[in-house]
Amino acid sequence: MAHFEATDIVESAQQIPYQGDAIIQKEYGRMLEDFVDGDLYVHPRAFTISHSFAQEYATTFHEASPLFLSAPYARAHGFNDLLVSPLLVFNIALSLGVQNNSEKAIANLGYYNVHFLKPVYPGDTLRSRTKVLSSKSRGGDKPGIVHVRTICTNQNGQPVLQYERKIMVSPRNDKPASNSNIPSTPDANFPEQAKPVIELPELPPLSTDIIEQTGGNSYFEDFKAGQIYVHKNMRTITDEHLPWTYRVGNTHPLHYDRLYSKGLSGPMSGEPIVYGGLVFGWLAGLASRDTTENMVWDLGYTEGYHTQPAISGDTVGAISRILKTEDGPIPGTGVVQIQLIGVKNIKTTEAIEKFGEDLFIKENNKKDLGKSKIAEKIFEIERKLLIKKRP
């Protein structure tokens, strides 16, 4: 421990001359030309998740599974402690990479091949690193598409999450390059898995007290292909999204800087846009009482898209369609594949009545089908869940 005498701080600002030629304004984020196939970015900062933060996320985002709310319940299922919500892990992993990956992006185009590999517990510390899979220009001033894969690891260097996303990024052309980007570190460890392996505990026998902590109509046997769950409760997003953006580590000013967002041109101009990972979290939470209350694990997602932005004041709701079911890899479990749809500023019951099957058609496919996109639809993704069979 170092010890030294504290000296007085003498005011000196008025004696130091102003130097107009010494102004520094750092720029972060990459333009299209800055992404090179194969580049590897080890993102700055690490994130230790406390018990209180894990539970605050779970309650703020309406998680109904006791795995994220009750340590005794989680331990009874073979876990070491209360689980950190996989979507909180996902949001932190993505946000830690924004400075390198997407702080200058126009849009996040989609999530792909998301796999949650290992439980994360309160007290764990997460880091994130990203590999550029491809960077494609469309010529001229048109924005290009950058495809990246991100690995999130815990304090032991073990991968807990692997996912991909595609980002729309403008070309720099004659603009100067950002002066504060962390360079690629091609020799850094990047523990990606071609065939991801998930590590979970076996499911122990459960006591009556534990069984009674969830509802009785959300076990694996209750789900049948073709069912459509219209989740009744909805959520009005307030300006709470501004601090939550930075609480999970996201540094893109589009989500919390009104001067920045109003200075943009086009459809993103106006109020700060709610960070999409938070919208995803609220939609999944709104669906959780009906679909994930008896889950054992979130196996992951494929092909997820934010089809419309949300801003403060919007009210969002969720609809789930059961796609298929099959026996799970752990005795006493089954796998349920679900299409999760998000809507805004329309009741979920009214959305089903108004749009019917069109809600479940990918928005990007509608032009070829001669159909119009749905302005009230904000999100679409497919997810796979490991759910307990009825004890």
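Residues numbered from 1 in each chain as written. Predicted model: local features only at pLDDT ≥ 70, side-chain atom pairs only at ≥ 80, totals over all residues. Heavy atoms only, no water.

Draft legend 1. Highlighting the overall build of the protein chain. The secondary structure content of the protein chain amounts to nine helices and twelve strands. Projected onto its principal axes, the C-alpha positions of the protein chain cover 75 × 65 × 40 Å. Relative to its 391 residues, the protein chain shows a buried fraction of 51%. Within the protein chain, counting contacts between residues at least 6 apart in sequence, those at least 24 apart form 78% of the total. A total of about 18600 Å² of accessible surface is found on the protein chain, and carbon and sulfur atoms cover 51% of it. (Helix = DSSP H or I, 4+ residues; strand = E, 2+ residues; numbered from the N terminus. Buried < 20%, exposed > 50% of the residue type's maximum accessible area, 1.4 Å probe, protein only. Contact = heavy atoms within 4.5 Å. Areas by Shrake-Rupley, 256 points an atom, 1.4 Å probe, with all protein chains shown as cover.)

Draft legend 2. Examining the pairing of strand E9 (residues 295-306) more closely. Within E9, nine of the twelve residues are buried, which leaves it mostly tucked inside the rest of the structure. Bridge analysis of strand E3 (residues 105-116) against E9 gives three bridges, and the strand direction is antiparallel. Across the sheet, residue Tyr111 finds its bridge partner in E9, namely Gly304. Relative to strand E12 (residues 377-388), E9 runs antiparallel, the two being bridged by eight bridges. From the neighbouring strand, Asp298 faces E12, where its bridge partner is Leu385. (Pairing = 2+ DSSP bridges.)

Draft legend 3. Region of interest: the packing of aromatic side chains. Inspection of every chain in the model, using the stated rule, returns 19 aromatic pairs. Aromatic side chains Tyr57 and Phe61 sit 4.4 Å apart centroid to centroid with 20° between the ring planes, which places their arrangement in the stacked category. For the residue pair Tyr57 and Phe61, the accessibility class agrees, reading buried in each case. One cation-aromatic arrangement involves Arg30 over Tyr41; the distance from NZ or CZ to the ring centre is 3.9 Å. (Phe/Tyr/Trp six-rings, centres within 6.5 Å; stacked < 30°, edge-to-face > 60°. Lys NZ or Arg CZ within 6 Å of the ring centre and 35° of its normal.)

Draft legend 4. Local environment of unusual backbone geometry. At His62, a residue that is not glycine, the phi angle is positive and equals roughly 65°. Locating His62 in the fold gives a position in the loop between helix H1 (51-60) and helix H2 (71-76). Here His62 falls in the partly exposed class, since its relative accessible area comes to 30%. The backbone phi angle of Asn345 is positive, close to 60°, even though this residue is not glycine.

Draft legend 5. Region of the structure containing the nonpolar core. Of all hydrophobic cores here, the largest spans 72 residues; its most connected members are Ile49, Phe90, Ile92, Leu161, Phe280 and Leu340. Aside from chain neighbours lying at most four places away, what touches Ile49 is Ala54, Val84, Leu88, Ile92, Val120, Pro122, Gly123, Asp124 and Leu126. (Core = buried A, V, L, I, M, F, W, Y, C linked by side-chain atoms within 4.5 Å.)

Draft legend 6. The arrangement of helix H8 (residues 276-291) in detail. Between its first and last C-alpha atoms H8 spans 21 Å; for 16 residues at 1.5 Å apiece the expected length is 22 Å, and the two agree. Of all 16 residues in H8, 14 are buried, a share of seventy percent or more. (Expected span 1.5 Å × (residues − 1).)

Draft legend 7. Looking closely at the environment of Val42. Here Val42 lies in strand E1 (residues 40-42). Along the sequence, Val42 and Pro183 sit 141 residues apart, while their C-alpha atoms lie 8.8 Å from each other. Leaving out residues up to four positions away in the same chain, Val42 has contacts with Asn100, Arg127, Ser128, Arg129, Ile182, Thr185 and Ala188.

Draft legend 8. Structural context of the environment of Leu254. Inspection of the secondary structure assignment puts Leu254 in the loop between helix H6 (241-247) and helix H7 (258-262). A relative accessible area of 8% means that Leu254 is categorised as buried. As for Leu254 and Ser269, which are separated by 15 residues in sequence, their C-alpha atoms are 9.3 Å apart. Once you skip the residues sitting within four places of it in the chain, Leu254 turns out to touch Tyr260, Ser261, Leu264, Met268, Pro272 and Ile273.

Draft legend 9. Quick peek at the pairing of E3. As defined by bridge partners, E3 adjoins strand E6 (residues 159-169) across eight bridges and the pair is classed as antiparallel. Each residue of the ladder has a partner; that of Phe116, found in E6, is Leu161.

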